[in-house]
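An overview of the molecular structure
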Amino acid sequence: MLHTVGAFSRIGEENAFAVLARATELARQGRDIINLGIGQPDFRTPEHIVEAAIKALRDGHHGYTPANGILPLREAVAADLHKRFGATVDPDLVLIVPGGKVTMFMAILMFGEPGAEILYPDPGFPIYRSMIEFTGATPIPVPIREENGFAFSAEETLSLITPRTRLLIVNSPANPTGGVTPKEEIDKLVAGLARFPDVAIMSDEIYAQMTYDGLEHRTLLAYPEIRDRLILLDGWSKTYAMTGWRMGYSIWPKPLYDNARKLAVNSYSCVNASAQFAGLAALTGPQDAVHEMVAEFDRRRKVVTEGLNALPNVSAAVPKGAFYAFPNISRTGWKAKKLASALLEEAGVATIGGPDFGVHGEGFIRLSYANSTENIRKALARMGEFLDSHRPA
Ligand code: PLP
């Protein structure tokens with residue numbers, strides 16, 4: 001009998017991958033499936049980025065790199081953050097990691113232990129809670145409410161901080177809701193955090209470049225008063241349609257940086273060398289493809305919201321960021337996960353039930369509009385027919 005450590009009885013995962021597997025299986029059986037489940041852009045990585053990776057390999061960049069990433073890339077990250085936000089970032093505090101997820105993995109490992117509390121958004125990216133539980137820390141959900149436009153509330157967040165709180169995770173623009181927290185609310189949060197100097201903050205800004213209606217992304221890097229305890233999570237996956245490359249970065253406060261670098265040395269050594277050159281080309285090359293992709297998401301966002309609001313007993317807030325719609329389906333009488341499952345099995349539309357993102361996700365399903373307008377319209381029509389002809393299970 002093998003005995004793994006108890007923590008593995010508490011680790012979770014992302015149901016989006018299970019839905020993807022099921023959707024793929026149904027498609028393999030010949031079913032016509034429209035996948036609005038998975039959160040990845042349906043665009044190709046821009047050609048100049050792909051070419052940079054190929055060139056890097058041809059030029060002989062196929063060995064290990066420094067564990068924290070090649071210097072030109074760390075410098076490019078710092079320059080990009082300066083260009084976008086006017087933020088001053090030391091390239092020596094930039095860590096190149098294999099995907100956005102790795103930063104949350106490291107940050108939660110660094111602060112989570114039995115007796116510690118970690119605050120995280122609910123509904124929110126499922127790995128936050130999974131990793132908090134893995135470490136034995138107590139997960140404290142910060143409810144993200146529809147009536148608040150799916151922004152987090154500074155007051156409610158601050159009210160949940162206790163002497164045991166070690167880390168606060170925030171995410172805007174947000175998965176799964178598409179919510180964007182306004183600048184004033186972030187100002188309020190940061191002002192309130194002055195009362196809790198021992199609480200670290202991890203800001204997941206992986207959707208920073210995906211905001212709509214002229215709304216500007218407000219980065220937590222803009223607040224010098226918390227820079228000594230701020231971990232910034234960002235990466236290439238969403239912005240440059242690079243989910244499969246596994247490219248992310250984090251900015252760490254100086255006292256934490258070496259811990260993070262050592263976690264890299266102890267696990268993956270360094271990020272794939274050619275992918276780092278691709279990341280460099282992404283940041284330093286033309287940004288047209290990013291703007292075109294976001295403009296296309298913007299058009300689809302309107303199609304999906306209008307279509308959802310025309311469905312019986314469904315209402316959907318207009319997403320302000322990312323590429324997700326999070327319609328309220330509670331008035332249909334369906335439980336969210338049952339509805340998501342029935343839509344996949346019977347209507348051939350893959351979505352994710354809100355509870356897969358936390359208990360506060362009940363009553364909602366998530367649709368990713370990273371799919372063609374034609375498919376989105378077809379999926380909405382199928383959902384309408386399904387809701388008209390099926391009683392809640
Ligand atoms: N953070 C959020 C909020 C996400 O939605 C995702 C991916 O869906 C990630 C982080 C992880 O990104 P990556 O695929 O680069 O690990």
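Nothing here was measured: the structure is a model prediction, and the numbers come from that model.

What follows covers the overall build of the protein. Scanning the protein from N- to C-terminus turns up 12 helices and 12 strands. Counting all 393 residues of the protein, 57% fall into the buried class. Within the protein, residue pairs in contact and separated by at least 24 positions form 75% of the contacts whose partners lie at least 6 positions apart. When the accessible surface of the protein is totalled, it reaches about 16800 Å², and 54% of it is carbon and sulfur. Considering the protein, the positive charge centre built from 40 side chains and the negative charge centre built from 44 side chains are found 3 Å apart.

The biggest cluster of nonpolar side chains holds 121 residues, and the ones touching the most others in it are Trp236 and Leu308. It is helix α10 (residues 288–309) that contributes the most residues to this core, seven residues altogether. Domain assignment of the residues forming this core places at least three in each of domain 1 (6–44 + 288–387) and domain 2 (49–284). Leaving out residues up to four positions away in the same chain, Trp236 has contacts with Leu73, Val77, Ile96, Ala241, Met242, Met247, Gly248, Tyr249, Gly279, Ala282 and Leu283. Within the second largest apolar cluster, 10 residues are counted, among which are Ala16, Ala350, Ile352 and Phe357.

Turning to the side chain of Asp234, a few remarks are in order. As for its position among the elements, Asp234 is in strand β7 (residues 230–235). Not counting chain neighbours up to four residues away, the residues in contact with Asp234 comprise Arg84, Gly100, Glu205, Ile206, Ala208, Gly248 and Tyr249.

Another aspect to go through is the packing of helix α4 (residues 100–111) against helix α8 (residues 254–267). Where α4 contacts α8, the two axes come as close as 10 Å, and the packing angle between them is 115°. Of the two possible hands of crossing, α4 and α8 adopt the one that is right-handed. Counted together, Met106, Leu109, Met110 and Phe111 of α4 and Leu256, Asn259, Ala260, Leu263 and Ala264 of α8 form the full contact between these two elements. Residue composition of the contact of α4 with α8, by class: eight nonpolar, one polar and no charged.

Turning to the packing of aromatic side chains, a few remarks are in order. Here the structure, examined in full by the defined rule, presents 13 aromatic pairs. With centroids separated by 5.9 Å and ring planes inclined at 70°, the aromatic side chains of Phe125 and Tyr128 adopt a geometry described as edge-to-face. Comparing Phe125 with Tyr128, the two get one shared label, buried. Each residue in the set Phe43, Tyr207, Phe297, Phe323, Tyr324 and Tyr369 is aromatic and connected to the rest through ring pairs, giving one cluster.

With that out of the way, let us pick up the pattern of salt bridges. Counted under the stated rule, the structure contains 23 salt bridges. The partner of Arg299 in a salt bridge is Glu296, with the nearest N and O atoms 2.9 Å apart. Here Glu296 and Arg299 lie together in helix α10, a separation of three residues that amounts to about one turn. Overall, Glu296 belongs to the buried group, its relative accessible area being 18%.

Hydrogen bonds between backbone groups are what pair the strands of a sheet, and the pairing can be parallel or antiparallel. Ordered in space as β9-β12-β11, the three strands form an open sheet in which the pairing is antiparallel. Bordering the open sheet on either side are β9 (324–325) and β11 (352–353), each of which pairs with just one other strand. Bridge count between β11 and strand β12 (residues 365–368): two bridges; the pairing is antiparallel. Directly across from Gly353, in β12, lies its bridge partner Ile365.

As a further point, take the environment of Lys337. The topology assignment puts Lys337 in helix α11 (residues 336–347). Residue classification places Lys337 among the partly exposed residues on the basis of a relative accessible area of 40%. Remark: the alpha-carbon pair of Lys337 and Pro224, spanning 113 residues in sequence, is separated by 42 Å. Once you skip the residues sitting within four places of it in the chain, Lys337 turns out to touch Asn15, Gly353, Pro355 and Asp356.

Attention now goes to α8. Taking 1.5 Å as the rise per residue, α8 with 14 residues should run 20 Å; its terminal C-alpha atoms sit 21 Å apart, in good agreement. Looking at α8, one finds that the buried residues are Leu256, Tyr257, Ala260 and Ala264. Burial along α8 is one-sided: seen end-on, the buried residues are contained in an arc of 115°. Opposite its buried face, α8 presents the exposed residues Pro255 and Asn266, each directed more than 90 degrees away. Those residues of α8 that are buried are in contact with α3 (71–85), β2 (94–97), α4 and β7.

The next thing to look at is the domain arrangement of the protein. Assigned domains within the protein: domain 1 (6–44 + 288–387) and domain 2 (49–284). If you average the C-alpha positions of domain 1 and of domain 2, the two centres end up 24 Å apart. Three residues, Lys320, Phe357 and His360, lead the burial of domain 1 against domain 2; their summed loss comes to 20% of the area buried on that side. One salt bridge connects Asp213 with Arg301, and the closest N-O pair in it is separated by 2.9 Å. Put simply, domain 1 and domain 2 have 18 residue pairs in polar contact (both at pLDDT 80 or more) between them.

For the rest of this paragraph, the subject is the side chain of Ser153. Here Ser153 is to be found in the loop between β4 (138–143) and α6 (154–159). You can call Ser153 buried: its relative accessible area is 16%. Of note is the side chain of Ser153, whose polar atom sits 2.9 Å from the backbone nitrogen of Glu156. Once you skip the residues sitting within four places of it in the chain, Ser153 turns out to touch Asn148 and Glu185.

Before going further, it helps to spend a moment on a nonpolar patch on the surface. Together, Val5, Phe8 and Ile11 give the surface a local cluster of nonpolar side chains, amounting to about 280 Å² of exposed area. Its place among the elements puts Val5 in the segment before α1 (15–28).

So, how was this worked out
Residues numbered from 1 in each chain as written. Predicted model: local features only at pLDDT ≥ 70, side-chain atom pairs only at ≥ 80, totals over all residues. Heavy atoms only, no water. Helix = DSSP H or I, 4+ residues; strand = E, 2+ residues; numbered from the N terminus. Buried < 20%, exposed > 50% of the residue type's maximum accessible area, 1.4 Å probe, protein only. Contact = heavy atoms within 4.5 Å. Areas by Shrake-Rupley, 256 points an atom, 1.4 Å probe, with all protein chains shown as cover. Lys, Arg positive; Asp, Glu negative; His and termini not counted. Charge placed at Lys NZ, Arg CZ, Asp CG, Glu CD. Core = buried A, V, L, I, M, F, W, Y, C linked by side-chain atoms within 4.5 Å. Domains from an automatic or database assignment. Axes fitted to C-alpha atoms, helices over the stretch in contact; angles between N-to-C directions. Left-handed = near helix turned anticlockwise from the far one by under 90°. Nonpolar A, V, L, I, M, F, W, Y, C, P; charged D, E, K, R; others polar. Phe/Tyr/Trp six-rings, centres within 6.5 Å; stacked < 30°, edge-to-face > 60°. Salt bridge = Lys/Arg side-chain N within 4 Å of Asp/Glu carboxyl O. Pairing = 2+ DSSP bridges. Expected span 1.5 Å × (residues − 1). Arc of directions from axis to C-beta. Buried area = accessible area lost by both parts, 1.4 Å probe. Polar contact = N/O pair within 3.5 Å; in protein donor to acceptor, adjacent residues only side chain to side chain. Patch = residues over 30% accessible without salt bridge, like charges linked within 9 Å, V, L, I, M, F, W, Y side chains within 5 Å.

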